[in-house]
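# Structural features, examined
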Amino acid sequence: MMAENRKNLRFYTFSRYSLGITGSEIYQEIISVHGADSVGESTVYRWITEFDNGKTSFAWENCGRKSTKTTPENILLVSGIINANGAVTIDEIEDETSLSHGTIQRIVSDHLGFRSVACKWVPHALSNDQKVNRVTAAKEWLKILKSKHQHEHIVMVDEKWFYMRTVGKKRSNRCWVSPDGDHSEPIHVVKRSQFDRKIMSVIAVSFTGKYHCELLQERESMNSERYVTFLVNMEKKFSRHVFPLNWRNMIFVQDNARPHVSKVTSMFLANKNATLLRQSPYSPDYNILDRFIHPYLEDQRHKTNFQSADELHQFITSELKNISADRWSSEMGKLIQCLSNVIKKNGDYE
C-alpha cells in the first residue's frame, strides 16, 4: 500500500467516524472497495482511538506502519532525543519518530543500556560555597570515622515530629478485593491534617548503640533552654555506661537549627569545652538520625497509633535498644560511602 493511499484511507476513516459510523462498518466499507489486504481492522480501530485523543494528523509518519529496525541511524536518533531530554518517555519518543514502541524499548535497554530511575528529593539547591563546605566537612568526618576508636566517641542529636496517628505508606495500605468488590480491610485512609496530634522527640545516639530520648509536650517545639536541659540529661545517662561518654571525650554532632546554634546553647557547649564535629548546612545525609534512625522508626511503627506520650516513648526506646551492633556497623559503612561520594561529586548530593 502506497503511503498516499494509506493517508487517504485514514482521512476516509476520520470522515466516516465523524458521521457516527462504527469502526466495524468503516472497515467493511474499506475492504469492500480496496480489498482485505488494504488495511487491518486493528489499524482502523487504532486510528479511531487516536481521533478520540485529538490526533487527527494525516501525515504518513502518523498513520503508516512503524519501523521495527534497530539500525545505527535509529539508535543515534533515539540517543539524541534522550540526551536532549532525560525525562522523555517511550511514548513521547514514539510520537517524535517513525519507530515502534517495542523497537524504542530495545534500543533504549539493549543497545544504549539506559534504565529509568526515579529522581530523588534533595533538601536544597546547593550553591558553590555550600558544596565546598560539604566537601570540607566530609573530609573531617571521614578522618574520624575511619580511625580505629575515634568514631566510638561520636554522638549525634536531632529532633523529629511524631504524629500519634499514622497514615502508613502506600505499600502498607493495600488489601485484597474479591471480583465482586468485597474486601476485608478498609480501602479509604483519612489524610493527615495540620490539627492531628503530634509530639516532638529529641534523640541522641552513638555508633556504639548508646541512646537517649526525650519527648516534649504535645505541639511544644524546641527552644534553647529545653535543648540545654536535654544535653545535660544526655550526658548524665551516657556517663553511666560501662564505657562512659562525657563532654571531655565526646565528639558532638548537631545541625544548625536555631536552638542548636543559639547564644544560650553555644555558651553551654563552650563552658563544657565540647568538641564539635561540624555538620555542613543542608546536609541531613551526614546525620545518622536523618539517614537511618527516623526512617527506621517509621518503618517499625507500621500502622501503630499511639494514645499517649508514654506509649510513643516506650516504642522509640524499645526500637533503639533492639538495633544490633552489626546494624550500627553497617550504617556507619553506608555513611562512609556517602561521604566519599560527596567528595567525588564535589559536594553535590548522592
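You'll find the structure just up there.
These notes cover the structure that comes with them. Quick caveat, the model's predicted, so the values are computed rather than measured.

## Focus: helix H2 (residues 23–34)
The terminal C-alpha atoms of H2, which comprises twelve residues, lie 16 Å apart, in line with the 16 Å expected from a rise of 1.5 Å per residue. Looking only at H2, the buried set comprises Gly23, Ile26, Tyr27 and Ile30. An end-on view of H2 places all buried positions within 100° of arc, on one side of the element. Gly35 sits one or two residues past H2 and shows a positive phi near 95°.

## Observations regarding the pattern of salt bridges
The tally for this structure, following the rule as stated, stands at eleven salt bridges. Among the salt bridges present, the one from Arg134 reaches Asp285, with a minimum N-O distance of 3.0 Å. Here Arg134 is found in helix H8 (residues 128–145), whereas its partner Asp285 is found in the loop between strand S5 (275–276) and helix H12 (288–301), with 151 residues between them in sequence. We note that Arg134, like Asp285, is buried. Three or more residues are tied together by salt bridges with common partners; here these are Arg10, Arg46 and Glu50.

## Overview of unusual backbone geometry
Backbone geometry places His302, a non-glycine residue, at a positive phi of 55°. Its location among the elements puts His302 in the loop between H12 and helix H13 (309–322). Unlike most non-glycine residues, Asn346 shows phi in positive territory, near 55°. Residue position: Asn346 is located in the segment after helix H14 (325–344).

## Section: the packing of aromatic side chains
Aromatic ring pairs are reported here in terms of the distance separating the ring centres and the angle at which the planes meet. Under the defined criterion, the tally for this structure stands at seven aromatic pairs. With a centroid separation of 5.1 Å and an interplanar angle of 75°, the aromatic rings of Phe14 and Phe51 are classed as edge-to-face. Here Phe14 is found in helix H1 (residues 3–18), whereas its partner Phe51 is found in helix H3 (residues 41–52), with 37 residues between them in sequence. Phe51 sits in the buried class, given a relative accessible area of 8%. With a centroid separation of 5.4 Å and 75° between ring planes, the pair formed by Trp247 and Phe252 is classed as edge-to-face. The exposure class of Trp247 is buried, given its relative accessible area of 3%. Grouping aromatic residues by their ring pairs yields a cluster made of Trp247, Phe252 and Phe268.

## Comments concerning the pairing of strand S1 (residues 154–163)
The buried fraction of S1 is high, at seven of ten residues. Summarising the sheet, S1 and strand S4 (residues 251–253) pair through three bridges and their orientation is parallel. Along S4, the bridge assignment pairs Val155 with Phe252. The pairing of S1 with strand S2 (residues 198–206) spans nine bridges and is classified as antiparallel. Within the sheet, the bridge partner assigned to Val157 lies in S2 and is Ala204.

What counts, and where the lines are drawn
Residues numbered from 1 in each chain as written. Predicted model: local features only at pLDDT ≥ 70, side-chain atom pairs only at ≥ 80, totals over all residues. Heavy atoms only, no water. Helix = DSSP H or I, 4+ residues; strand = E, 2+ residues; numbered from the N terminus. Expected span 1.5 Å × (residues − 1). Buried < 20%, exposed > 50% of the residue type's maximum accessible area, 1.4 Å probe, protein only. Arc of directions from axis to C-beta. Salt bridge = Lys/Arg side-chain N within 4 Å of Asp/Glu carboxyl O. Phe/Tyr/Trp six-rings, centres within 6.5 Å; stacked < 30°, edge-to-face > 60°. Pairing = 2+ DSSP bridges.

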